[in-house]
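# Architecture and fold: a report
Now for the letters of each chain:
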Amino acid sequence: MRLGFHYHVPAILDGEQIRMPAYQGRFVDALADYCSEVVCFLHSPLADERAQMDYALQKRNVRLVDLGPHASVPRRLLSVRKYGEILRKEKNGLDVMLLRGPSPLLPALANATRPVPIALLLVGDIVAGVNDSRQPFWRREAIRLLWQRNQRRQGQIARRSLTFVNSRKLFRELQPHVPNLVETRTTTLTRADFFDREDTCTCAPYHLLYTGRMTRGKGLIEMVEALALLVQEGEDVVLDLVGWPEKNDDVLEEMHQVAGRLKMAERVKFHGPKPAGPELYAYYRTADVYVIASKSDSEGFPRTIWEAMAHSLPVVATSVGSIPDFVGESAELVIPASSRDIAKAIRLVIKNPIRRREMIHRGRFLALNSTLDTQVGNLVHEVERWAGRSR
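Residues numbered from 1 in each chain as written. Predicted model: local features only at pLDDT ≥ 70, side-chain atom pairs only at ≥ 80, totals over all residues. Heavy atoms only, no water.

Let us look at the layout of surface pockets. Taken as a whole, the second largest pocket encloses approximately 230 Å³ of empty space. If you trace the second largest pocket, you find 14 residues lining it, with Gln151, Gly155, Leu170, Glu173 and Leu174 closest to the centre. For the lining of the second largest pocket, the secondary-structure elements that each account for two or more residues are helix 5 (137-158) and helix 6 (168-174). When residues in the lining of the second largest pocket are grouped by element, the largest group, five residues, is from helix 5. Among the residues making up the lining of the second largest pocket, the classes are represented as five nonpolar, five polar and four charged. (1 Å grid on protein atoms, 1.4 Å probe; cavity = no way out; pocket = protein on both sides within 12 Å on 5 of 7 lines; lining within 4 Å. Points joined across faces, edges and corners; volume = space filled by probe spheres on them. Helix = DSSP H or I, 4+ residues; strand = E, 2+ residues; numbered from the N terminus. Nonpolar A, V, L, I, M, F, W, Y, C, P; charged D, E, K, R; others polar.)

Judged by nonpolar contacts, the single largest core of 96 residues is most densely connected at Tyr290 and Ile305. Tallying contributions element by element places helix 7 (residues 220-232) first for this core, with nine residues. Once you skip the residues sitting within four places of it in the chain, Tyr290 turns out to touch Leu209, Tyr210, Thr211, Tyr284, Thr304, Ile305, Ala308, Leu313, Pro314, Val315 and Val316. (Core = buried A, V, L, I, M, F, W, Y, C linked by side-chain atoms within 4.5 Å. Buried < 20%, exposed > 50% of the residue type's maximum accessible area, 1.4 Å probe, protein only. Contact = heavy atoms within 4.5 Å.)

Our next topic: the pattern of salt bridges. Summed over all chains, the structure comprises 28 salt bridges. Across the pair Arg2 and Glu37 runs a salt bridge, and its minimum N-O distance is 2.6 Å. Of the two residues, Arg2 is situated in strand 1 (residues 2-6) and Glu37 in strand 4 (residues 37-44); the sequence distance between them amounts to 35 residues. A salt bridge links Glu222 to Lys295; the shortest N-O distance between them is 3.4 Å. Here Glu222 is found in helix 7, whereas its partner Lys295 is found in the loop between strand 14 (289-292) and helix 10 (303-310), with 73 residues between them in sequence. Where salt bridges share partners, they join Glu329, Glu332, Arg355, Glu358 and Arg362 into one cluster. (Salt bridge = Lys/Arg side-chain N within 4 Å of Asp/Glu carboxyl O.)

Once that is clear, we can look at the packing of aromatic side chains. Per the stated rule, a full pass over the model turns up five aromatic pairs. Of the aromatic side chains, those joined through ring pairs into one cluster are Tyr281, Tyr284 and Tyr290. Stacked on the ring of Phe326, the Lys or Arg Arg185 has its end atom at 3.8 Å from the ring centre. We note Arg191 situated over the ring of Phe194; from NZ or CZ to the ring centre the distance is 4.7 Å. (Phe/Tyr/Trp six-rings, centres within 6.5 Å; stacked < 30°, edge-to-face > 60°. Lys NZ or Arg CZ within 6 Å of the ring centre and 35° of its normal.)

Laid out in structure tokens, this is it:
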């Protein structure tokens, strides 16, 4: 099967190597294991994004088609005709086009691809996350209208396509309207990445870890406040943060200000971005508790939870999106935006070794069923069936 793929995350051809962010690169490599060729229709990175191209694809049956610079969303929408022409020249050799969304060009590229069968991989609800933006009111509302229009068109395409979702909430919303709907898990993990241990929190200081995008919606301020509460109660804890700062989001600056005001500056450590793989996973292996305090239902399911569980880390998370559906009692779940509840849950994990070891065991079992080879293998199998039916 020759599979086309598009998402708004860029890639670059570096000599003979295709490079892109590791979380996308690992997924594309996994697709290539099941396809004769994967053709990636991706933008080239802007100058300040080139450092994010931290993964070189391993598979040789992947080809990159450059859609042009990863410009602002309005500029890309003004150039949809050009992108459509690029796709029309390439589509005749494709068996299926896989479009990951939400993404600004998804509706236009879906229309340009037809009559090639379309499969969608939807990984969140971007409209629900607009409120997390700290844009001026007029700009935030303009963004909301833009994404609402995109979402309506995305829904129309989903009704006549094979559609994968990584969110139980999104699955329930789409189920009455989308006849060919499949729930999946998005992950970067292979079985070789797992790190087995029976316990954490065996000696102080205890390392709390967050990995992922550095955005306000992830609850970074609440994590710092929870850290301060724990220290006030006598716990020796530090907070390690690993990930990419988000454009137009000053949460890191505010987080450092809050940490300074609470006298936590020496206990909050931002380590910058690390590619998925050994460099990132080293932080999981030395941590004691993984904490994610997302405040919005906009995301599907954070792949970082699978990464933490695969490295035998107990997880404290907020009860948003599909987190409660997918992890159940394998994590300590708290209401969003409550630093006091986050601190209480972390304290329980530190103080209760029986519960902590139970979380580690259950989490590792869940992660074993959410590896790349399992999830991508199932996805490609469904795509092949869909392509056969469509033909």
